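Summary of the model geometry
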Amino acid sequence: MASLPLDAIVHLSDLHPKPEGKTFGYGTAGFRTTGNILGSVLFRVGLLASLRSKKFDGKTIGVMVTASHNPEGDNGVKLVDPRGEMLETSWETYATSLANAATTSKLVDELRHIVAVAKIDLSKPSRVLYARDTRPSGAALVQCLEDGLRAMGAQRRNEGVTTTPILHYLVRCVNTKGTRDEYGDDNEEGYYDKLSNAFKKLMAKPPPPLIMDCANGVGAIAAQKLNEHIGSILQLKLYNIATTTSGVLNNGCGADYVKTTQRLPPSLHGVLKPGERGCSLDGDADRLMYFYLDEENNFGMLDGDKIAALVSSFIVDLVKNAGLDKQIEVGVVQTAYANGSSTRYLEKRVPVRCVPTGVKHLHHAAEHFSIGVYFEANGHGTVLFSPSTLDLLRTHEPSTPAQETAIKQLLALSELINQTVGDALSDMLLVEVVLAHRAFTAVEWDSLYTDLPNRLVKVVVPSRQKFITTDAERRLVEPKEVQARIDALVRKYDGGRAFVRPSGTEDVVRIYAEATLRPQVDELASRLSGVVYDFEGDQSKRPKEYL
Ligand code: NG1
Ligand code: ZN
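Residues numbered from 1 in each chain as written. Chains lettered and ligands numbered in written order. Predicted model: local features only at pLDDT ≥ 70, side-chain atom pairs only at ≥ 80, totals over all residues. Heavy atoms only, no water.

1. A closer look at the overall build of the chain
Broken down by element type, the chain carries 18 helices and 19 strands. Relative to the compact-globule value of 24 Å for 547 residues, the chain shows a C-alpha radius of gyration of 23 Å, a close match. Overall size of the chain, expressed as C-alpha extent along the three principal axes, is 65 × 65 × 45 Å. For the chain, buried positions account for 59% of its 547 residues. In the chain, once contacts between residues fewer than 6 apart in sequence are set aside, the share between residues at least 24 apart is 70%. (Helix = DSSP H or I, 4+ residues; strand = E, 2+ residues; numbered from the N terminus. Rg over C-alpha atoms; globule rule 2.2 N^0.38 Å. Buried < 20%, exposed > 50% of the residue type's maximum accessible area, 1.4 Å probe, protein only. Contact = heavy atoms within 4.5 Å.)

2. Some thoughts on the domain arrangement of the chain
When its domains are assigned, the chain resolves into domain 1 (6-161), domain 2 (188-302), domain 3 (304-423) and domain 4 (454-541). Averaged C-alpha coordinates put domain 1 and domain 3 at centres separated by 33 Å. Facing seven residues of domain 1, the contacting portion of domain 3 comprises seven residues. Across the contact surface, domain 1 and domain 3 share one salt bridge. Between domain 1 and domain 3 we count one residue pair in polar contact (both at pLDDT 80 or more) in total. The class makeup of the residues in the side of domain 1 that touches domain 3 is one nonpolar, three polar and three charged. (Domains from an automatic or database assignment. Salt bridge = Lys/Arg side-chain N within 4 Å of Asp/Glu carboxyl O. Polar contact = N/O pair within 3.5 Å; in protein donor to acceptor, adjacent residues only side chain to side chain. Nonpolar A, V, L, I, M, F, W, Y, C, P; charged D, E, K, R; others polar.)

3. A few points about the site of ligand 1
By nearness alone, 14 residues border ligand 1, and Glu376, Ser503, Gly504, Thr505 and Arg510 come closest of all. Between ligand 1 and the protein, one listed contact pairs an oxygen atom with a side-chain N or O atom of arginine 287 at 2.9 Å. Take glutamate 376: an N or O atom from its side chain is 2.6 Å from an oxygen atom of ligand 1. Split by residue class, the shell around ligand 1 holds two nonpolar, seven polar and five charged. (Near = heavy atom within 4 Å.)

4. Quick word on the layout of surface pockets
The computed volume of the second largest pocket comes to approximately 920 Å³. Together, 34 residues line the second largest pocket, and Arg464, Ser503, Gly504, Thr505 and Glu506 are the ones closest to its centre. At four residues, the largest contribution of residues to the lining of the second largest pocket is made by strand β1 (residues 31-34). Residue composition of the lining of the second largest pocket, grouped by class: eight nonpolar, 16 polar and ten charged. (1 Å grid on protein atoms, 1.4 Å probe; cavity = no way out; pocket = protein on both sides within 12 Å on 5 of 7 lines; lining within 4 Å. Points joined across faces, edges and corners; volume = space filled by probe spheres on them.)

5. Regarding the pairing of strand β4 (residues 127-132)
As judged from the six bridges shared by strand β2 (residues 60-65) and β4, these two strands associate in the parallel manner. Each bridged residue has a counterpart across the sheet, and for threonine 60 the counterpart in β4 is arginine 127. Taken together, β4, helix α5 (residues 138-152) and strand β5 (residues 155-161) form a β-α-β motif whose crossover is right-handed. (Pairing = 2+ DSSP bridges. Right-handed = clockwise from strand over helix to strand, strands pointing away.)

Here's what the structure looks like:
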């Protein structure tokens, strides 16, 4: 039996001591906190990724260094499983316990524990592929990661600076190479080729150029490369592409800015003209928000819910046109943050499921449908085609030319849409395809349904762990008195809906409120903030705006 390479682990671990008094948690998007305190975490993630690879007999594990839409000074890291999907939940616990081992000797104890409990054969090889976004702290963190990989003797493949979805794509490609599930060429060029070839099959004539806000992040680099592949059909006009300017990442721009402020990024004022559509990526290019100015110069936002509505109804029609609606069930997965109007719109057309926040929950629920569409309201999402659906589409004999066309289009969509994770660039191409086929303007797309006024706020509390939810996070089990007060308040507002949950990525409790009228929503959200704050906040510091 091979054993852990303790000399190397101890020597290198001592170079990356855990900051005292800090507790790290592997949350919905991996570890995420201030970039300059993550060195020990990265080192330990290197160890864990190597063990995970050994567990899969040397299959490649991915590691992405990013803090997505969060501020530039933050950073984070998450592991990617061999099929390009998020790390299996049971291993999140291992990640957390490794990250929090106070000393090198405790770290070694944890490693031994994981090897025993997860039954890891240490004689197996390990392979890890990794990348980072454009954050200034990224390069040093990657070096810490590499020390962890070196300590375990893992084969390393550094993909440099790239988007989160490209990293997921590459992991899946490497692990399926030469099999019947081969996903694509395992390099960036393969990614752009796959997307652009599918896009060209689906687009008949060029739409007007698209204005794209790249959040000053890695999406700017990727979008430039994509432009070289699709420019003859769709011209992307890129803004916020300052990837080396300090302080600008996700600052006053990007998908999260648009979603949370429900405004056009100031940098696009005067750029986006009435009648034009644009979109925003987030800092690692896995979230996408669309928007437009109507002829009267009014701003309209098209979020993840609107994308789900647009895309799912298009796919339902294609499945019908293919004559396969008996065999192929199209379904949509949302979270409690989905606008109530979107849920009502969708429920009339397709089965809809609501799951807890976090991509892994949405992804797994979507896998239960033949074609599963999932989007978070914040613009993260994708469409999954089940293996049996792909087999059916590839082998089915169409009875008419119309059926044949629909089947070809569905197959092209399965190539166009990233099957591993939400991907802003792939989703953008998907939206463009549907808009072109429907001959929709952004205004027409927006008129599928009217969003209920809503508000998302956060309250800083001493211990968000005290907030425990049920029913896909729509209700609190604890503290009971808080839920009772939410219920009493919501009843007072016409069309009221609200819920409170602890964030999985920040030290806050999030409050979501919806009602028929805008001023009522603001009041409801403010009262709810007060309820949460009163539960254990310091009354002498209670913010005035909490009613
Ligand atoms: P938390 O912090 O758990 O609410 C946020 C987003 C999630 C997801 C993760 C990962 C909201 C309300 N929450 O999670 O949807 O995207 O970040 O980045 O948007
Ligand atoms: Zn992101």
